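This is what each chain is made of:
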Amino acid sequence: MLKLMYITSNPQIALIAQKYGVDRIWVDLETLGKEERQKNLNSVKSHHSIRDIEKIAPLLNSSEMLVRINQWNKNSLSEIDSVIKAGADLIMLPMWKSAAEVAGFINAVNGRAKTVLLLETKEAVDCLDEVLNLGGIDEIHIGLNDLHLSYGLTFMFELLANGTVEKICDKIKRKGLPYGFGGVARIGEGTLPAEKIILEHYRLGSKRVILSRSFCNSEEITSVDEVEKVFKQNLAKLREFENYAASADSSVFAENKKEVKKCIEKIIGSIQEKKINE
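Let us look at the structure shown here. Values in this document were obtained by computation on a predicted structure and should not be read as measured data.

## Structural notes on helix 10 (residues 164–174)
Then comes step 1: Among all positions of helix 10, only Thr164, Val165, Ile168, Cys169 and Ile172 are buried. In a view along the axis of helix 10, the buried residues occupy a sector of 125°, so they form one face of it. Exposed side chains of helix 10 directed beyond 90 degrees from the buried face belong to Lys167 and Arg174.
Then comes step 2: Of the residues flanking the end of helix 10, it is Gly176, one or two places downstream, whose phi is positive at about 75°.

## Let's talk about the pairing of strand 5 (residues 114–119)
Then comes step 1: Burial of strand 5 is extensive: five of the six residues sit out of reach of the surface.
Then comes step 2: In this sheet, strand 5 lies alongside strand 4 (residues 90–93) in parallel orientation, the contact comprising four bridges. Looking at strand 5, one finds that Leu93 is bridged to Leu117.
Then comes step 3: Chirality of the crossover, the property in question, places the unit of strand 4, helix 5 (residues 99–109) and strand 5 among those that are right-handed.
Then comes step 4: Bridge analysis of strand 5 against strand 6 (residues 139–142) gives four bridges, and the strand direction is parallel. Within strand 6, the position partnered with Leu118 by the bridge is His141.

## Here's the deal with the sheet that holds strand 8 (residues 208–211)
Then comes step 1: The parallel closed barrel is built from eight strands, whose spatial order is 1-2-3-4-5-6-7-8. Between one strand axis and the next, the sheet turns through 30° on average, direction left out of account.
Then comes step 2: Taken together, the five bridges between strand 2 (residues 24–28) and strand 3 (residues 64–68) define a ladder with parallel strand orientation. Following the sheet pairing, Asp28 is matched in strand 3 by Arg68.
Then comes step 3: Along the sheet face, helix 12 (residues 224–247) touches strand 1 (3–7), strand 7 (179–184) and strand 8 and points at about 150° away from the line of strand 1.

## Concerning the side chain of Glu158
Then comes step 1: The residue Glu158 is located in helix 9 (residues 158–161) in this model.
Then comes step 2: Although buried, Glu158 forms no salt bridge, and the nearest oppositely charged side chain, Lys275, lies 8.9 Å from it.
Then comes step 3: When near neighbours in sequence (up to four residues on either side) are disregarded, Glu158 contacts Leu153, Ile264 and Ile268.

## Re the nonpolar core
Then comes step 1: Core analysis: the biggest nonpolar cluster contains 84 residues, and Ile91, Trp96, Leu211 and Phe231 have the highest contact counts within it.
Then comes step 2: Of all the elements, helix 12 adds the most residues to this core, at seven residues.
Then comes step 3: What Leu211 contacts, discounting residues up to four positions off in sequence, is Leu4, Met5, Tyr6, Val22, Val184, Phe231, Leu235 and Leu238.
Then comes step 4: Grouped together as the second largest cluster of nonpolar side chains are eight residues, Leu66, Met92, Val116 and Ile210 included.

About the cut-offs
- Residues numbered from 1 in each chain as written.
- Predicted model: local features only at pLDDT ≥ 70, side-chain atom pairs only at ≥ 80, totals over all residues.
- Heavy atoms only, no water.
- Buried < 20%, exposed > 50% of the residue type's maximum accessible area, 1.4 Å probe, protein only.
- Helix = DSSP H or I, 4+ residues; strand = E, 2+ residues; numbered from the N terminus.
- Arc of directions from axis to C-beta.
- Pairing = 2+ DSSP bridges.
- Right-handed = clockwise from strand over helix to strand, strands pointing away.
- Axes fitted to C-alpha atoms, helices over the stretch in contact; angles between N-to-C directions.
- Contact = heavy atoms within 4.5 Å.
- Lys, Arg positive; Asp, Glu negative; His and termini not counted.
- Salt bridge = Lys/Arg side-chain N within 4 Å of Asp/Glu carboxyl O.
- Core = buried A, V, L, I, M, F, W, Y, C linked by side-chain atoms within 4.5 Å.

Quick look at the structure:
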């Protein structure tokens, strides 16, 4: 089964997510440069704090605490020390562009938590071979939002259609590291249907995925009871579909790959047409 990750700073929602099988509660401390990079995107821009880690980490018994820090900078050492002290089980480094940055991150963590690299720049793709030879990396997640911006593409899942994600996955797979990519909406929903994305995860050997804001937007759903209902119903549907995906044969994956490409090309065409008409 895929390891599921959900971003929240709300302890009540974290406990609900844990109750229904979310593997990782994600506290997001990244702020440096994010607003500028994603200013025209309807993406999640969190305002979490160290205190959020301190509040949630002691509540977790089956889920892990994942913390995304800022990109490598002069304050990274103190930030890493702070999140470890607060209770992080895994620390994620975003926006890295060189093996030197990754090496600095690994040395700073020094085995005190698991290390997760968020691969989301074209420079990271270019130096991936060197990075994979460093050792000390526990897993890698491919961040489609910033990576598609880095390549100047129209739609984040274009990286799935043009083979970029597959090439990256193949390299990581050869090193024996666990990996994942992007996020997923509820079964039956999503601009690119969640079912098609999950089948691509299974085809590519991915083991991690983020539950996207469209899976459960806890900023819009103000009732805790309603949030629990969303998780209970939709995580059951997701896991049920995973059972199907896990037993699917190569012909199912091959046909789904074609359908995904057609769907993505159609979405890109619609986006481009909309821009022309604006």
